[in-house]
Amino acid sequence: MSRSVSFLVRSEADLKVDEKSLQQWVVGFCIIRFDLEQGQLIEECYPAGCLTHNEELEVAFSSFPDSVSQNHNRSSIHDCIFFFRVRRQGNPQVAHLPSSEIVEVNNAHASQMTASDKVLKQRSKIQTGANSRYLYGFVFNRQRHDERLKRGGEQKSVVILSHNPFSSVFRPLLQIMGPLYFDIGKKALNFIASYVSMWPVPVPGQLMELPIGNATLKVNLPPAHCMPLDCGVLFEELASPIAPFLPSSQSVPQGLFHDADLFGTFRGLLMQLWKLWELLLIGEPILIIAPTPPQCCEAVAGLVSLVAPLLCSIDFRPYFTIHDPDFAYLNSLQEGAAFPPMILGVTNLFFLKSLRRIPHVLSVGNPVMNAARLPFSARASTGRIPAGPEGLSLPNLSLNRFTPSNFLNAMKLRRDGPLCLMTEHKEAFWSSYAPITKPDTSILNRLIDAGMSPRVEESMSVVNNDILRRHFLELTTNFLAPFGPYYRPTTPSEGSSPYVDPPPLPTFNAEDFLTSLSARGPGKFLLKRMKSNWLDLYRRFLKGHNFLPWFQRKRAVAEQEQYRLWRQARMRADIQHFISRMSELEIVDTFNAIERHLLGELQSTTLEAGSDATSSKLREGLQAVFHVLPKDMQQLMLMNTERAALVRDDELPSKSTR
């Protein structure tokens, strides 16, 4: 049974689309046709008006293989899937972020706020996908070569637009939606929209079952800690438990694009992965050039996934074209100007000249074994691409064993530079950066020769990806470990009052941190894998564009968790036990503290589980403390009408009635 048959079991009368629910997953769907005379034309856009005119143009230009790409396909029908990321209109152009010369993370205003006040303020700043700075487009492109058609063929793209980088969802959805559209036409948009609008709300970090026709997509969504807040992630989701340090199941994502095929994409450049990891860590700009959009997309996604569980805050474009509005700015950079921190995936060789000032250029992909020629259905459920029928064995892996010919080839590549790709595509990496992390040959030696069979190749690729991903997850986690004390929540010590404000998290000072780290070292794991100048990598990380957003989020989550732990402690506390050991001054301080916590619960804009019970418990404690105060002080406090209402013996109204 074909995929389309499973959708035809529902009559059109049954089709109902809840557009509000649909927006939780997608912005819209587009059908775009390439006309040889008029260019890219949007034939359908559902729901109508979901994009501005300029956004429609940008999406249309990003939804086709570049006309000046390195490969031209002449087969009768050629399908490929790729994705792009564009800036939403009305947002600033390429961000000119200053270097993070960090002295104090806590500013003066923030230091005057209590921990509870900070948490409540953070909650009030929840953003939604409507505020997203970026739009992700997942494309099913079909090229049909037919000499009977005008100019020998036609080209169309089916596009899913979303504020969320859920490649594990939208890639398999395209496998259904793309062929369905070419079977039944634009009715496919209504079919898909009706099913997607019935999906539950996306929950970051969870395994979700999403029905589509008579099939079900079982997908792991990336965790909240790696999702930009402008994707619509609730702050409370950021504070949800993070997966174990090294999960037993590698199907559990630790960052974005967990399904990217690291091994298949970089198998010719495996020795360079550690240098690339460092460049991603410190936020250096990288240009990735590949023969086809699917190959450059896979490379960009793979690099972003390489630094999990770090939040990747630099701009990344899986498929970048000269029509992107940001290109004009990048192309106008003057000699000596710093290139913005971006990862650009391109196929057009023109970028080698126009963006020649970008300091790191990576060339990936094999034009002979063209990943774009592989039907996406050949991927495993993990989203990995198997090799072509000719297979690739481990002798082809670039482990840089020294031979005179290898040495001469490397010298020639270095001398010729990236412009040598204008005449012949080669897998290579041009960068003057001197890495600090040493390639781990023990990891490379564990990678398995896939042999000649495509089926064996696919299963071995899964194993090899798990080996690589686990290693870099461990590498990143160990690198970030020294920052742990700065975002570690505390709990009330045994016998101490939980009503006082928790101690603030330690203030971070970059120079003090580096001095302390230099004295104690980064730990055995990193010392074995890094050169003696390992502290320079931390210094670059602190000045790069990934550190501050990641660190601020970790602090905010720690404050949220600390708020939760102390709130729970107050629920369990026996106020009479504490009162019996307090002086009169301590009793007054405790009254003021409980009153502040109670007002915070009542004024909170979010309805937390057990909030009414917490308010009642705090009010009982407030009344208990009030009754042991001296009479003259009680009379003084009752002069304040709001305070008097809190200590009256009648029932406190629940939040739901306020």
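All figures in this text were calculated on a predicted structure; none of them were measured in a lab.

**A short note on the pairing of strand E1 (residues 28-35)**
In terms of residue burial, E1 counts as a mostly covered element, since 6 of its 8 residues are buried. Alignment of E1 against strand E5 (residues 153-162), held across 7 bridges, turns out to be antiparallel. The residue of E5 that forms the bridge with Ile31 is Val158. As judged from the 7 bridges shared by E1 and strand E2 (residues 39-46), these two strands associate in the antiparallel manner. Bridge pairing in E2 links Ile32 to Ile42. In this antiparallel pair of consecutive strands, E1 and E2, the connection spans 3 residues.

**With respect to the packing of aromatic side chains**
Tallied over the full model, the rule gives 40 aromatic pairs. Centre to centre, the rings of Tyr181 and Phe182 are 5.3 Å apart; their planes meet at 75°, and the pair counts as edge-to-face. According to the relative accessible area criterion, Phe182 is partly exposed, its value standing at 26%. Ring geometry for Phe327 and Phe351: centres 5.5 Å apart, planes at 85°, overall edge-to-face. Here Phe327, found in helix H12 (residues 325-331), pairs with Phe351, found in helix H13 (residues 351-354); they are 24 residues apart in sequence, far enough to count as distant. Residue classification places Phe351 among the buried positions, given a relative accessible area of 0%. Positioned above the aromatic ring of Phe316, the side-chain terminus of Arg85 is 4.1 Å from the ring centre. The ring of Phe182 has Arg142 lying over it, and the distance from NZ or CZ to the ring centre is 4.5 Å.

**Re the state of the cysteines**
Applying the stated rule across the entire model yields 0 disulfides. The cysteine Cys30 is free of any disulfide, with Cys45 supplying the nearest cysteine sulfur at 3.5 Å. There is no disulfide at Cys297, and the cysteine sulfur nearest it, in Cys296, is 4.6 Å away. Cys297 gets classed as buried once you look at its relative accessible area, which sits at 0%.

**Remarks on the sheet that holds strand E9 (residues 315-317)**
One open sheet holds the 5 strands; their spatial order is E9-E10-E8-E11-E12, and the pairing between them is mixed. Looking at which strands have only one partner, the edges of the open sheet turn out to be E9 and strand E12 (428-430). Ignoring which end each strand starts from, the neighbouring axes of this sheet average 10° apart. Here 4 bridges tie strand E8 (residues 286-289) to strand E11 (residues 360-363), and the two strands are oriented parallel to one another. Each residue of the ladder has a partner; that of Leu287, found in E11, is Val361. On top of the sheet, helix H11 (residues 293-306) reaches E8, E9, strand E10 (342-346) and E11; it is set at about 160° to E10, its chief contact.

**Structural notes on the sheet that holds E1**
An order of E2-E1-E5-E4-E3 is seen for the 5 strands of this open sheet, with the pairing classed as antiparallel. Looking at which strands have only one partner, the edges of the open sheet turn out to be E2 and strand E3 (77-87). Averaged over all adjacent pairs, the angle separating strand axes in this sheet is 20°, with direction ignored. The strands touched by helix H6 (residues 167-184) within the sheet are E1, E2, E3, strand E4 (134-145) and E5, with E5 carrying the most contacts at an inclination of about 140°.

**Some details on unusual backbone geometry**
Omega for the bond connecting Tyr46 with Pro47 falls within 30 degrees of zero, at -5°, which places this linkage in the cis form. Here Pro47 is to be found in the loop between E2 and helix H3 (53-62).

**Some points on the pattern of salt bridges**
Charged atoms that come close allow side chains of opposite charge to pair. Evaluation of the coordinates by the stated rule reveals 19 salt bridges. Taking the shortest distance from any N to any O, the salt bridge between Asp324 and Arg317 comes out at 2.9 Å. Residue classification places Asp324 among the buried residues on the basis of a relative accessible area of 6%. Judged by its relative accessible area of 0%, Arg317 is buried. The residue Asp536 makes a salt bridge to Arg539 at a minimum N-O spacing of 2.9 Å. Of the two residues, Asp536 and Arg539 are both situated in helix H19 (residues 534-543); the distance of 3 residues between them amounts to about one turn of the helix. In this structure Asp536 comes out as partly exposed when scored by relative accessible area, which is 28%. Classification of Arg539 by relative accessible area gives partly exposed; the value is 32%. Here the salt bridges share partners, and the residues they tie into one network are Arg85, Arg87, Asp315, Arg317, Asp324 and Asp326.

**Some thoughts on the packing of helix H17 (residues 510-520) against H19**
With their axes 11 Å apart at the nearest point, H17 and H19 run at an angle of 160° to one another. By the angle between their axes, H17 is roughly antiparallel relative to H19. Note on packing geometry: the crossing formed by H17 with H19 is right-handed. In this structure, H17 contributes Ala510, Phe513, Leu514, Leu517 and Ser518 to the contact, and H19 contributes Trp534, Leu535, Tyr538, Arg539 and Leu542.

**Examining the side chain of Glu298**
Inspection of the secondary structure assignment puts Glu298 in helix H11. You can call Glu298 buried: its relative accessible area is 3%.

**Some details on the environment of Leu344**
Tracing the backbone through its elements, the reader meets Leu344 in strand E10. In this structure the C-alpha to C-alpha distance between Leu344 and Arg317, which are 27 residues apart in sequence, comes to 5.0 Å. Setting aside its immediate chain neighbours within four residues, Leu344 contacts Ile286, Leu287, Ile288, Val300, Arg317, Phe320, Leu330, Phe339 and Leu355.

**Describing the confidence of the model for the protein chain**
With 75% of its residues at a pLDDT of 70 or more, the protein chain has an overall mean of 79. Long-range and interchain partners of residues 240-246, a stretch whose pLDDT sits below 50, account for 12 contacts in this model, where long-range means more than four residues apart.

**Here we look at helix H23 (residues 611-627)**
Compared with an ideal rise of 1.5 Å per residue, which puts 17 residues at 24 Å, H23 spans 24 Å between its outermost C-alpha atoms and is within 8% of the ideal. Regarding H23, the residues found buried are Ser611, Thr614, Ser615, Leu618, Arg619, Gly621, Leu622, Gln623, Ala624, Val625 and Phe626. Looking at the buried side of H23, the elements it contacts are helix H20 (547-572), helix H21 (575-579), helix H22 (584-603), helix H24 (631-638) and helix H25 (641-647).

**What to know about H6**
Along its 18 residues, H6 runs 25 Å from first to last C-alpha, staying within 8% of the 26 Å computed at 1.5 Å per residue. Residue Leu174 marks the point of greatest curvature in H6, where the axis turns by about 30°. Burial within H6 is extensive, with 13 of its 18 residues counted as buried. Gly185 sits one or two positions beyond H6 and adopts a positive phi of about 85°.

Reading the values: the criteria
- Residues numbered from 1 in each chain as written.
- Predicted model: local features only at pLDDT ≥ 70, side-chain atom pairs only at ≥ 80, totals over all residues.
- Heavy atoms only, no water.
- Buried < 20%, exposed > 50% of the residue type's maximum accessible area, 1.4 Å probe, protein only.
- Helix = DSSP H or I, 4+ residues; strand = E, 2+ residues; numbered from the N terminus.
- Pairing = 2+ DSSP bridges.
- Phe/Tyr/Trp six-rings, centres within 6.5 Å; stacked < 30°, edge-to-face > 60°.
- Lys NZ or Arg CZ within 6 Å of the ring centre and 35° of its normal.
- Disulfide = S-S within 2.5 Å.
- Axes fitted to C-alpha atoms, helices over the stretch in contact; angles between N-to-C directions.
- Contact = heavy atoms within 4.5 Å.
- Salt bridge = Lys/Arg side-chain N within 4 Å of Asp/Glu carboxyl O.
- Parallel < 35°, antiparallel > 145°, perpendicular 65-115°, else oblique.
- Left-handed = near helix turned anticlockwise from the far one by under 90°.
- pLDDT = per-residue confidence, 0-100.
- Expected span 1.5 Å × (residues − 1).
- Bend = angle between axes of the 7 residues up to and from the residue.

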